[in-house]
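Breakdown of the fold
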Amino acid sequence: MSRRNPAYGAVLTAALLASAACSSPYESDSSSKAAAGDRTVRPVEGCGAKAWTDPKDLSPNRTPARCLPGAPPPQPLSERRELTIATGTLSAEYVAPLQVALDKGEFEKEGLDVTLKVLPTPDALPLLAKGDVDALWAAPEAAVMNGVKGGFDIKWVAGNFSPAAKSRSGLWVRLKDGDRADRVTMAGRKLGTMIGKGSVIAYPMEKALQRHGGGLADIQYQQLGSADVLTALQNGGVDSAWLLDPVWRKVDGERGYAFLGGQPRGEPLGGMLYGRALLQDDVDAGVALLRAYIRTVNTYFASDYKRDARFVTYLAKLLKAEESILRSTPPLVMDWEIRSGTTSRLQAAYEAQGVAEGSPLPESRTVSRSLYEEAVGHTP
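Let me sum up the structure you'll find in this document. (Residues numbered from 1 in each chain as written. Predicted model: local features only at pLDDT ≥ 70, side-chain atom pairs only at ≥ 80, totals over all residues. Heavy atoms only, no water.)

With respect to the overall build of the chain
- A count of helices and strands for the chain gives 14 helices and twelve strands.
- The C-alpha extent of the chain, read off along each of the three principal axes, is 70 × 50 × 35 Å.
- Of all 380 residues assigned to the chain, the portion counted as buried reaches 54%.
- Considering only residue pairs separated by 6 or more positions, the chain has 82% of its internal contacts joining residues 24 or more positions apart.
- Approximately 15,800 Å² of the chain is accessible, and the part contributed by carbon and sulfur atoms is 49%. (Helix = DSSP H or I, 4+ residues; strand = E, 2+ residues; numbered from the N terminus. Buried < 20%, exposed > 50% of the residue type's maximum accessible area, 1.4 Å probe, protein only. Contact = heavy atoms within 4.5 Å. Areas by Shrake-Rupley, 256 points an atom, 1.4 Å probe, with all protein chains shown as cover.)

Okay, here's the thing in structure tokens:
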């Protein structure tokens, strides 16, 4: 699909275009090579007070940060950069902002040549730490936390999404004789998951299991490919599974299945992770990458993006997803911000699973909000 196609295009004002076209701010800015957190942050046109929310606000009804469509405007780097983002899949809906940013040329506007590379998180982590890949679109899973404890310079730098109020993405179970949807004995049952133990789903799953006579240490885990999780649940290969949007629609309303709980609303559990290259060595490129991502969210995913039938058709083709299923699920609440304490809550769940190594890490070792704050012009 052409990246120049104006359909579903950015609503980019002349003022924003003009501000981006004048010159690159990186040409003469002495602070441009400073490490993240030590840089000059300037106001950004199109991004005002609503472009940032207090990280301590954990309300499920929190309105996510937003700029105007087309903002933050591009600030092309003085020299083009080639960046590789590793991701576990290209077809899941939560990857849509990256796919759209690539397809619509939002990365190109920043002077970035971006490649999306499919790699499981365990394989991508050492490559990210060494600089062989530049970013990872995943989550601060147990492997990430343990890697940081082992010396990897990796931080979570931007969120991805939280579920809509009507979403039933989360823990689904096949009912056995004697089970009721409101009371399922989970102890000893087998769970199908893409990650296995140590996934961020441990945190919301622990809450669901506690309501159904089981804990994280009481269930068996079976790691499966993204295309195999649903199949295993349907054919009895596993007793339960964590189903993402829009996959859960395949079992929603079907006899013999029950939804036990999902991701907390208003709290992203994944997104973009950077290694030393974009945290320290080339922060300009790190900010530019997030700026393109954030602009894509503001332009294409700011609210209910599924109200536009043409956009859903476009998105289904881009993700190689079944359009009817994609259309039948509520939109994700795309959210680039990171809530306070999320990595602490995740680490507590990893400890309950028995996959955490050593003492919990403080948030200062796991999270950096400074790059997305710079992208939208917010000074903490």
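From this point on, the discussion continues.
Concerning the state of the cysteines
- Evaluated as defined, the whole model comprises one disulfide.
- Residue Cys47 pairs covalently with Cys67 via a disulfide, S to S 2.1 Å. Across the disulfide from Cys47 to Cys67, rotation about the S-S bond amounts to roughly 105 degrees, and the bridge is consequently right-handed. With Cys47 in the loop between α1 (14-21) and β1 (81-87) and Cys67 in the loop between α1 and β1, this residue pair connects regions lying 20 residues apart in the sequence. Considered together, Cys47 and Cys67 belong to a single accessibility category, that of buried residues. (Disulfide = S-S within 2.5 Å.)

With respect to the pairing of strand β7 (residues 190-193)
- Across four bridges, β7 lies against strand β8 (residues 220-223) in parallel orientation. Bridge assignment links Lys190 to a residue of β8, and that residue is Gln220.
- Across two bridges, the pairing between β7 and strand β9 (residues 240-243) is parallel. Its bridge partner lying in β9, Leu191 is registered against Ser240. (Pairing = 2+ DSSP bridges.)

What about the pattern of salt bridges?
- A full pass over the atoms with the stated rule returns 22 salt bridges.
- Residue Glu337 pairs with Arg339 through a salt bridge whose shortest N-O separation is 3.2 Å.
- For Arg369, the salt bridge is made with Glu363, and the minimal N-O distance between the two is 3.1 Å.
- Under the relative-accessibility criterion, Glu363 is labelled partly exposed at 23%.
- Each of the salt bridges in this network shares a partner with another, and the network as a whole consists of Glu106, Lys109, Glu110, Arg291 and Arg295. (Salt bridge = Lys/Arg side-chain N within 4 Å of Asp/Glu carboxyl O.)

Points about the packing of aromatic side chains
- Overall, the coordinates contain eight aromatic pairs when judged by the stated rule.
- Relative to Phe311, the ring of Phe301 lies with its centre 5.6 Å away and its plane at 75 degrees, an arrangement referred to as edge-to-face. With Phe301 in the loop between α9 (283-300) and α10 (309-319) and Phe311 in helix α10, this pair connects stretches of sequence that are ten residues apart.
- Each ring, one from Phe311 and one from Tyr314, has its centre 5.7 Å from the other, and the planes form 45 degrees; the classification is tilted. A residue pair is termed a helical-turn pair when its members lie 3 or 4 positions apart in one helix, as Phe311 and Tyr314 do in helix α10 at three residues. Grouping residues by exposure puts Phe311 and Tyr314 together as buried.
- The rings of Tyr300, Phe301, Tyr305, Phe311 and Tyr314 are connected pair by pair, giving a single aromatic cluster.
- Sitting over the ring of Tyr314, Lys104 keeps its end group 4.3 Å from the ring centre. (Phe/Tyr/Trp six-rings, centres within 6.5 Å; stacked < 30°, edge-to-face > 60°. Lys NZ or Arg CZ within 6 Å of the ring centre and 35° of its normal.)

A closer look at empty space enclosed by the protein
- All told, the structure shown has two cavities of 30 Å³ or more when counted by the stated rule.
- In this structure, the largest cavity spans a volume of roughly 50 Å³.
- Along its surface, the largest cavity is lined by Ala92, Glu93, Tyr94, Phe161, Ser169, Leu244, Asp245 and Leu332.
- Its residues assigned to classes, the lining of the largest cavity shows five nonpolar, one polar and two charged. (1 Å grid on protein atoms, 1.4 Å probe; cavity = no way out; pocket = protein on both sides within 12 Å on 5 of 7 lines; lining within 4 Å. Points joined across faces, edges and corners; volume = space filled by probe spheres on them. Nonpolar A, V, L, I, M, F, W, Y, C, P; charged D, E, K, R; others polar.)

Things to note about the environment of Pro380
- By the secondary structure assignment, Pro380 is in the segment after α14 (370-376).
- With 84 residues separating them along the chain, Pro380 and Thr296 place their C-alpha atoms 23 Å apart.

Looking at the environment of Arg310
- Among the structural elements, Arg310 can be located in helix α10.
- With 193 residues separating them along the chain, Arg310 and Lys117 place their C-alpha atoms 27 Å apart.

Looking at the environment of Leu278
- Mapping Leu278 onto the fold places it in helix α8 (residues 276-281).
- With 93 residues separating them in the primary sequence, Leu278 and Leu371 have C-alpha atoms 9.7 Å apart.
- Discounting residues that sit within four places of it in the chain, Leu278 has contacts with Leu83, Asp134, Ala135, Val283, Ala285, Gly286, Leu289 and Leu371.

Overview of unusual backbone geometry
- A cis amide bond links Ala71 with the next residue in sequence, Pro72, at an omega value of 0 degrees.
- Relative to the elements of secondary structure, Pro72 occurs in the loop between α1 and β1.

A look at the pairing of strand β6 (residues 170-174)
- Taking burial as the measure, the five residues of β6 include four buried ones, the bulk of the element.
- With four bridges joining them, β6 and β9 adopt antiparallel strand pairing. Bridge pairing in β9 links Val173 to Ser240.
- Sheet analysis places β6 next to strand β10 (residues 257-262), joined by five bridges and oriented antiparallel. Among the inter-strand pairings, Arg174 is bridged to a residue of β10, identified as Tyr257.

Digging into the packing of helix α2 (residues 96-103) against α9
- Running from amino to carboxyl end, α2 crosses α9 at an angle of 95 degrees, the nearest separation of the two axes being 9 Å. Classed by the angle they form, the pair α2 and α9 counts as roughly perpendicular. Across from Pro97, Val100 and Ala101 in α2, the residues of α9 making contact are Tyr293, Thr296, Val297 and Tyr300. (Axes fitted to C-alpha atoms, helices over the stretch in contact; angles between N-to-C directions. Parallel < 35°, antiparallel > 145°, perpendicular 65-115°, else oblique.)

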